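# Coordinates in review
As a plain string of letters, each chain reads:
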Amino acid sequence: GQNIDQPTEMTATEGAIVQINCTYQTSGFNGLFWYQQHAGEAPTFLSYNVLDGLEEKGRFSSFLSRSKGYSYLLLKELQMKDSASYLCAVRDGDYKLSFGAGTTVTVRA
Amino acid sequence: EAEVAQSPRYKITEKSQAVAFWCDPISGHATLYWYRQILGQGPELLVQFQDESVVDDSQLPKDRFSAERLKGVDSTLKIQPAELGDSAMYLCASTPGGQSSYNEQFFGPGTRLTVL
């Protein structure tokens, strides 16, 4: 299995920036994913990284360093609707996807 | 927009009873996944189908859980008998192709199971 670590909770103010870190150990690597999950709802896809570097998509950006086993999800111009759990998931050498426990982000006015 | 359908959305049962969940993936999606998500944790893969065949069921507790996708379209996950520790959200997801060809899994709304 995989070892995926991310902070349990983060709190930020509306309009601010929050960075959610994810570290992983995996046997083989075929991509890292970030999903957003609102309470009681299904996860929805946010981003995918397979090469080192930054992928930007609107207010959300995701970074990957394969040599360090590290990724982060950057949320800019936070809105109240961004309050949710953010799941880091890693696809291993056998293309099996494993999820971290998730980081609950609370956005305050 | 095409969506993954699941039913029921909520299920309350007593321990030792049997329960069944249904999933209808996005039309044309060959790969179907069942996940279990315990509150405060990430989803854990229970079983993966490619068409009607099981690709991975290594994490499925086979003494009480079973899954089928007889015609390679919709799928049923069954628990018999249910135990208190089975209380969780059961999520179904699908992708168009196999494991190496997708970058996004499409999740259904889930079935919230409570075992009393």
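The following refers to the structure shown. Counting starts from 1 at the beginning of each chain's written sequence and moves along it residue by residue. Chain letters start at A and ligand numbers start at 1, both assigned in the order the entries are written. Side-chain atom pairs in this predicted model are given and counted only at pLDDT of 80 or more, local residue features only at pLDDT of at least 70, and totals for whole chains, interfaces and linings cover all residues. Side-chain numbers here rest on the full set of heavy atoms in the structure, without hydrogens or water.

## A short note on the overall build of chain B
Secondary structure is summarised from DSSP: a helix means a run of H or I of at least four residues, a strand means a run of E of at least two, and numbering begins at the N terminus for each. For chain B, the helix and strand inventory stands at zero helices and 11 strands. Secondary structure elements in chain B, listed N-terminal to C-terminal, are β-β-β-β-β-β-β-β-β-β-β. Since a compact globule built from 116 residues should have a radius of gyration of about 13 Å, the 13 Å found for chain B is in line with a globular shape. With the C-alpha coordinates aligned to their principal axes, the bounding extent of chain B is approximately 40 × 30 × 25 Å. Looking at chain B as a whole, 46% of its 116 residues qualify as buried. Any two residues whose heavy atoms approach within 4.5 Å at even a single point are treated as in contact. For chain B, contacts bridging at least 24 residues in sequence account for 54% of all contacts bridging at least 6. Element-wise, carbon and sulfur atoms account for 48% of the exposed surface of chain B, whose accessible area totals about 5700 Å². The globule rule is 2.2 Å times the number of residues to the power 0.38, and the radius of gyration it is compared with is taken over C-alpha atoms. Only protein chains enter the area calculation, which uses a 1.4 Å probe; residues under 20% of their type maximum are buried, those over 50% are exposed, and those in between are partly exposed. Using a 1.4 Å probe, the Shrake-Rupley method yields the accessible areas, and only the shown protein chains count as cover for residues.

## A look at the interface of chain A and chain B
The accessible area lost on association of the parts is a frequent measure of interface size. Each side of the interface is counted separately: chain A has 17 residues, and chain B has 23 residues. Simply put, the buried area is the total loss of 1.4 Å probe accessible area from both parts when two parts are fitted together. A buried area of about 1500 Å², summed over both sides, lies between chain A and chain B, and 53% of it is on carbon and sulfur atoms. It is Tyr-95, Lys-96 and Phe-99 of chain A that lose the most area in chain A upon contact with chain B, and together they represent 29% of the buried surface on that side. Any carboxyl oxygen of Asp or Glu within 4 Å of a side-chain nitrogen of Lys or Arg constitutes a salt bridge here. In this structure, the connection of chain A to chain B is made through one salt bridge. Contributing elements (two or more residues each) for the side of chain A that touches chain B: β4 (32–37), β5 (44–49), β9 (84–91) and β10 (97–99) of chain A. A total of three residues in the side of chain A that touches chain B trace back to one element, the largest contributor, which is β4 of chain A.

## Let's talk about the state of the cysteines
Residue and element names in this part refer to chain A. Two cysteine sulfur atoms form a disulfide, by the criterion used here, when they sit within 2.5 Å. A complete count under the given rule lists two disulfides over all chains for this structure. The residue that forms a disulfide with Cys-22 is Cys-88, at a sulfur-sulfur distance of 2.0 Å. Given an S-S torsion of about -70 degrees, the disulfide between Cys-22 and Cys-88 has left-handed geometry. Pair noted here: Cys-22 is in strand β3 (residues 18–25) and Cys-88 is in strand β9, with a separation of 66 residues, a long-range link. An identical accessibility class is assigned to Cys-22 and Cys-88; each is buried.

## Description of the pattern of salt bridges
Residues and elements named next belong to chain B. This model, assessed by the stated rule, comprises eight salt bridges over all chains. The residue Arg-36 makes a salt bridge to Glu-44 at a minimum N-O spacing of 3.6 Å. According to the relative accessible area criterion, Arg-36 is buried, its value standing at 13%. Among the residues examined, Glu-44 registers a relative accessible area of 31% and is labelled partly exposed. Where salt bridges share partners, they join Arg-64, Glu-83 and Asp-86 into one cluster.

## Focus on the sheet that holds strand β1 (residues 5–7) of chain B
Residue and element names in this part refer to chain B. Between any two strands, pairing holds if DSSP finds at least two bridges. Strands sit in the order β1-β3-β8-β7 across an open sheet of four strands; the sheet is antiparallel. Each of the sheet's edge strands pairs with one partner strand only, and the pair in question is β1 and β7 (65–68). Between one strand axis and the next, the sheet turns through 15 degrees on average, direction left out of account. One ladder, built from four bridges, connects β7 with strand β8 (residues 75–79); its direction is antiparallel. By the bridge assignment for β8, Phe-65 is matched with Ile-79. Here an axis means a line fitted to C-alpha atoms, over the contact stretch when the element is a helix, while the angle between two N-to-C directions is reported on a 0 to 180 degree scale.

## So, the environment of Thr-31 of chain B
All names here are of chain B. Summarising the element assignment, Thr-31 is placed in strand β4 (residues 31–37). What makes Thr-31 buried here is its relative accessible area of 0%. A polar contact is formed between the side chain of Thr-31 and the side chain of Gln-50, at a distance of 2.7 Å. Between N or O atoms, a polar contact is any pair within 3.5 Å; within protein, one atom must be a potential hydrogen donor and the other a potential acceptor, and residues adjacent in sequence are included only when both atoms are from side chains.

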